[in-house]
Amino acid sequence: MFGDICEYGLGGFAEYVCAGEDALVLKTATTTFEEAASLPMAGVSALQGLRDKGRIRPGQKVLINGASGGVGTFAVQIAKNYGANVTGVCSTSKMDMVLSIGADHVIDYTQEDFTKSGEQYDLILDVAAYRSILNYKRALSPKGIYVCTGGSMGKWVQAMLLGPLISLRGSKKLGSGGVAQPNHEDFLYLKELLEAGKVIPVIDRRYPLSEIVEALRYLEEGQARGKVVISIDDSGET
Ligand SMILES: NC(=O)c1ccc[n+]([C@@H]2O[C@H](COP(=O)([O-])OP(=O)(O)OC[C@H]3O[C@@H](n4cnc5c(N)ncnc54)[C@H](OP(=O)(O)O)[C@@H]3O)[C@@H](O)[C@H]2O)c1
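On a predicted model such as this, the values are computed, not experimentally measured, just so you know.

Chemist: Can you tell me about the packing of helix α2 (residues 40–53) against helix α7 (residues 184–195), naming the residues and giving the values?
Modeler: Contact geometry for α2 and α7: axes closest at 10 Å, N-to-C directions at 95°. Viewed along their axes, α2 and α7 adopt a mutual orientation that is roughly perpendicular. Contact residues: P40, G43, V44 and L47 in α2; D186, F187 and L190 in α7. Taken together, the residues that form the contact of α2 with α7 break down as 5 nonpolar, 1 polar and 1 charged.

As structure tokens, this is what we get:
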């Protein structure tokens, strides 16, 4: 089984947990526990940002800012499944990985600011908001949508408060994606994509339960590609 236990008191890392069955979904034998564990919050954030807030449609030009991280690697693949033309933004060393998971184009944010290139996108999913919201507006096509789901707290709040005001003028829509709402239906949808091989979790490192401190240190360094997961024992049970 896999799921999200936010509704059941959050918690820490442990071998056993008590949660309601609506928080969990059965995984199949073809999916490893590690793959299943990588999915819930990151996958749902990407899905809800693109589908619910971003109203993604086939053929759209979609940009994922922060494409190489936990949320971004799912967002690239989910957007491709919706038939979008996807541009991923990440740092130099992760460009190949972002292309390998299906992005049509990749932009190295250490070399180029996509908000200044003149290129415009129908949908921007921003999991790494570090710019002014007005810069993002410039990079939107006339009826484009900007959804902020992560990055600096200041920029997230800016998107939440100023986005709707800025959207009053003109046809571009800007705002925050809010906090993702994990739910059974979306887990089932993501599970189907996983089982069909349409979404493949990018797992950078696996740490045993006894090395959680090292795992969190590695995560804090910001160098991870995709997800870091905790394995309960050597058999791969996660
Ligand atoms: N709203 C929600 O419900 C929800 C749910 C989950 C996560 N989040 C938030 O989403 C954000 C991302 O989470 P995550 O787990 O994906 O983090 P992560 O795995 O650390 O990934 C961060 C991403 O941001 C990129 N990045 C860093 N600086 C950047 C810059 N200046 N320009 C463009 N990209 C940049 C990184 O690229 P490189 O690694 O290539 O440098 C990486 O792709 C966090 O702020 C998290 O709190 C929100």
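Chemist: Account for the site of the ligand, with residues named and values stated.
Modeler: Of all residues adjacent to the ligand, which total 27 residues, the nearest are G66, G69, G70, G150 and A180. Only α2, α3 (70–81) and β4 (85–90) provide two or more residues apiece to the shell around the ligand. Among the residues forming the shell around the ligand, the class breakdown is 13 nonpolar, 13 polar and 1 charged.

Chemist: Help me get a handle on the nonpolar core, residues and values and all.
Modeler: Core analysis: the largest hydrophobic core is formed by 57 residues, its most contacted members being V62, I64, A75, V76, A79 and I124. Sort the elements by how many residues they give to this core and α3 lands first, with 6 residues. Other than its neighbours up to four places away in sequence, I124 contacts L63, N65, Y136, A139, L140 and Y146.

Chemist: Explain the domain arrangement of the chain residue by residue, including any values.
Modeler: Here the chain is described as being made up of domain 1 (2–40 + 183–231) and domain 2 (42–176). On a C-alpha basis, the centres of domain 1 and domain 2 stand 23 Å from each other. Residue-level contacts link 12 residues of domain 1 with 14 residues of domain 2. A total of 3 residues in the side of domain 1 that touches domain 2 trace back to one element, the largest contributor, which is α7. For the side of domain 1 that touches domain 2, the class distribution of residues is 6 nonpolar, 2 polar and 4 charged.

Chemist: Run through the sheet that holds strand β8 (residues 173–176), naming residues and quoting values.
Modeler: Judged by pairing direction, the sheet is parallel, and its 6 strands sit side by side in the order β5-β4-β3-β6-β7-β8 without closing on themselves. Of all strands in the sheet, those with a lone pairing partner are β5 (105–108) and β8, marking the two edges. Across the sheet, the mean angle from the axis of one strand to that of its neighbour is 15°, orientation sign disregarded. Here β4 pairs with β5 via 4 bridges, running parallel. Across the sheet, residue G88 finds its bridge partner in β5, namely V106. Relative to the sheet, helix α6 (residues 153–166) contacts β7 (140–148) and β8, its axis offset from that of β8 by approximately 145°.

Chemist: Could you give an account of the environment of P201, naming the residues involved and the relevant values?
Modeler: Tracing the backbone shows P201 in the loop between α7 and β9 (203–208). It is 5.9 Å that separates the C-alpha atoms of P201 and E35, two residues lying 166 residues apart in sequence. Apart from residues lying up to four places away in sequence, P201 is in contact with E35, S38, L39, G226 and K227.

Chemist: Describe in detail the environment of V106, supporting the description with residues and values.
Modeler: Along the chain, V106 falls in strand β5. Distance from V106 to V86, taken between C-alpha atoms, is 8.4 Å for residues 20 residues apart in sequence. Every residue in contact with V106, bar those within four places of it in the chain, is listed here: G88, C90, M95, V98 and L99.

Thresholds, definitions, all that
- Residues numbered from 1 in each chain as written.
- Predicted model: local features only at pLDDT ≥ 70, side-chain atom pairs only at ≥ 80, totals over all residues.
- Axes fitted to C-alpha atoms, helices over the stretch in contact; angles between N-to-C directions.
- Helix = DSSP H or I, 4+ residues; strand = E, 2+ residues; numbered from the N terminus.
- Parallel < 35°, antiparallel > 145°, perpendicular 65-115°, else oblique.
- Contact = placed C-beta atoms within 7 Å.
- Nonpolar A, V, L, I, M, F, W, Y, C, P; charged D, E, K, R; others polar.
- Near = placed C-beta within 6 Å.
- Core = buried A, V, L, I, M, F, W, Y, C linked by C-beta atoms within 7 Å.
- Buried ≥ 20, exposed ≤ 12 C-beta atoms within 10 Å, placed from the backbone.
- Domains from an automatic or database assignment.
- Pairing = 2+ DSSP bridges.

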